[in-house]
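Each chain is listed here by its residues.
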Amino acid sequence: MLMSLEVMLNAAGLAFVAAGGRWAQADGQVMFLFVLSVAAAEVAVGLALVLRLYKRTLSLDADAASRLRG
């Protein structure tokens, strides 16, 4: 799910840059910087989830994650 969100953010950023280039304004590039900062925050959350999973189960097995209910 995080990977698909990353692809959608990149597509939105590309659309902002293309629209800014079309109308010769820098607004699209500024919005792309905001999109990049949101994507960086998303990567940080994903990395935190992976590290927490490894710390609790000592493996990165997806089946071990399904046992972490509660």
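Position numbers for residues start from 1 in each chain and track the written sequence from start to end. The predicted nature of this model means local features are confined to residues of pLDDT at least 70 and side-chain atom pairs, given and counted, to a pLDDT of 80 or more, with totals for whole chains, interfaces and linings taken over all residues. With hydrogens and water excluded, all non-hydrogen atoms of the structure serve as input to the side-chain values.

Asks: What should I look at first to understand the environment of Leu-5 in this one?
Replies: Note that Leu-5 resides in helix H1 (residues 2–22). For the exposure calls, accessible area comes from a 1.4 Å probe over protein chains only, and a residue counts as buried if that area is under 20% of its type's maximum, exposed if over 50%, partly exposed in between. Classification of Leu-5 by relative accessible area gives partly exposed; the value is 36%. What counts as a helix is a DSSP run of H or I of at least four residues, what counts as a strand is a run of E of at least two, and both are numbered from the N terminus.

Asks: Sorry, what's going on with the environment of Ala-40 here?
Replies: Within the secondary structure, Ala-40 is located in helix H2 (residues 27–57). Looking at Ala-40, the relative accessible area reads 46%, which means it is partly exposed. Considered as a pair, Ala-40 and Leu-58 are 18 residues apart in the sequence and their alpha carbons are 26 Å apart.

Asks: Please explain H2 as it appears in this structure.
Replies: Because an α-helix packs 3.6 residues into every turn, residues spaced three or four apart end up facing the same way. To estimate the expected span of a helix, subtract one from its residue number and multiply by 1.5 Å. If you check H2, its first and last C-alpha atoms are 45 Å apart, about what 31 residues at 1.5 Å a residue would give, namely 45 Å. Buried within H2 we find Gly-28, Val-35, Ala-39, Glu-42, Gly-46 and Leu-53. We call two residues in contact whenever any of their non-hydrogen atoms come within 4.5 Å of each other. Tucked inside the fold, the buried residues of H2 contact H1 and helix H3 (62–66). Leu-58 occupies a position one or two residues after H2 and carries a positive phi of about 60°.

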